[in-house]
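Structural characterization, general
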Amino acid sequence: MPAFRLNHMELTLPPGTLDKDQDAICAFYSEVFGFETIPLPVPVMETPGLVMRTDEHTSQFLLLSEQEKCIQSPGYDHLGFIYETRAEVDDVRAQCAQWAKKDERLQIKDYDDIVIGTSTTRAFYVRYLLPIWFDVQTVEYEPGTEPANRWVYQ
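Conventions and cut-offs
- Residues numbered from 1 in each chain as written.
- Predicted model: local features only at pLDDT ≥ 70, side-chain atom pairs only at ≥ 80, totals over all residues.
- Heavy atoms only, no water.
- Helix = DSSP H or I, 4+ residues; strand = E, 2+ residues; numbered from the N terminus.
- Contact = heavy atoms within 4.5 Å.
- Buried < 20%, exposed > 50% of the residue type's maximum accessible area, 1.4 Å probe, protein only.
- Pairing = 2+ DSSP bridges.
- Lys, Arg positive; Asp, Glu negative; His and termini not counted.
- Salt bridge = Lys/Arg side-chain N within 4 Å of Asp/Glu carboxyl O.
- Polar contact = N/O pair within 3.5 Å; in protein donor to acceptor, adjacent residues only side chain to side chain.

With that settled, the discussion passes to the environment of Val 126. Positionally, Val 126 belongs in strand β8 (residues 119-127). Note: C-alpha distance between Val 126 and Leu 106 (20 residues apart in sequence) is 7.3 Å. Setting aside residues no more than four positions away along its own chain, Val 126 makes contact with Phe 28, Phe 33, Cys 96, Leu 106, Gln 107, Ile 108, Ile 132, Trp 133, Phe 134 and Val 136.

So this is what it looks like as structure tokens:
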């Protein structure tokens, strides 16, 4: 079976969200996660849209669009962001905490490390102005137990 990687996720927002919150969305996701945000020059499916991309080639991105029927996620539905090290996760967590001091709309859910066999997952969830949580994590392996296959960003 062929392997795949994330290309994009579209998140639908209530009409008017981008008019009201686009600057804050762009600032947070750019500052904390490094997304480049690009307002779409033409509406997506006849509504305003915003692309949040991870690289200049737009190989991975979040597409935000406004729709009358938009996603509502009252639970812990999430998209996972994986980092290479515990220090990177902890740094992102610290940045989120700083952001939360200036904007109470930012939510953080902390987790204890999850130890399963020879791996330890360090993670927290964050949600800010978008309808889902982001699971920010790293998985550490005891020496010699790393998976044979893994994605590498080059």
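A few words now on the pairing of strand β3 (residues 49-53). The buried fraction of β3 amounts to 5 of the 5 residues, a majority that puts the element mostly inside the structure. Residues of β3 alternate between two faces, with Gly 49, Val 51 and Arg 53 on one and Leu 50 and Met 52 on the opposite face, all of them buried. Summarising the sheet, strand β2 (residues 36-39) and β3 pair through 4 bridges and their orientation is antiparallel. Counterpart to Ile 38 in the pairing with β3 is Val 51. Pairing of β3 with strand β4 (residues 61-66) involves 5 bridges; the strand directions are antiparallel. Following the sheet pairing, Val 51 is matched in β4 by Leu 63.

Inspection of the secondary structure assignment puts Asp 135 in strand β9 (residues 133-141). Here Asp 135 occupies a buried position and makes no salt bridge, while the nearest side chain of opposite charge, Arg 122, is found at 11 Å. Of note is the side chain of Asp 135, whose polar atom sits 3.0 Å from the side chain of Gln 137.

This next bit is on the side chain of Thr 12. For Thr 12, the location among the structural elements is in strand β1 (residues 8-13). With relative accessibility at 17%, the residue Thr 12 sits in the buried group. In terms of polar contacts, Thr 12 uses its side chain to reach the backbone amide nitrogen of Ile 71, at 2.8 Å. Those residues in contact with Thr 12 that sit more than four places away from it in its chain are Ser 65, Gln 67, Lys 69, Cys 70, Ile 71 and Pro 131.

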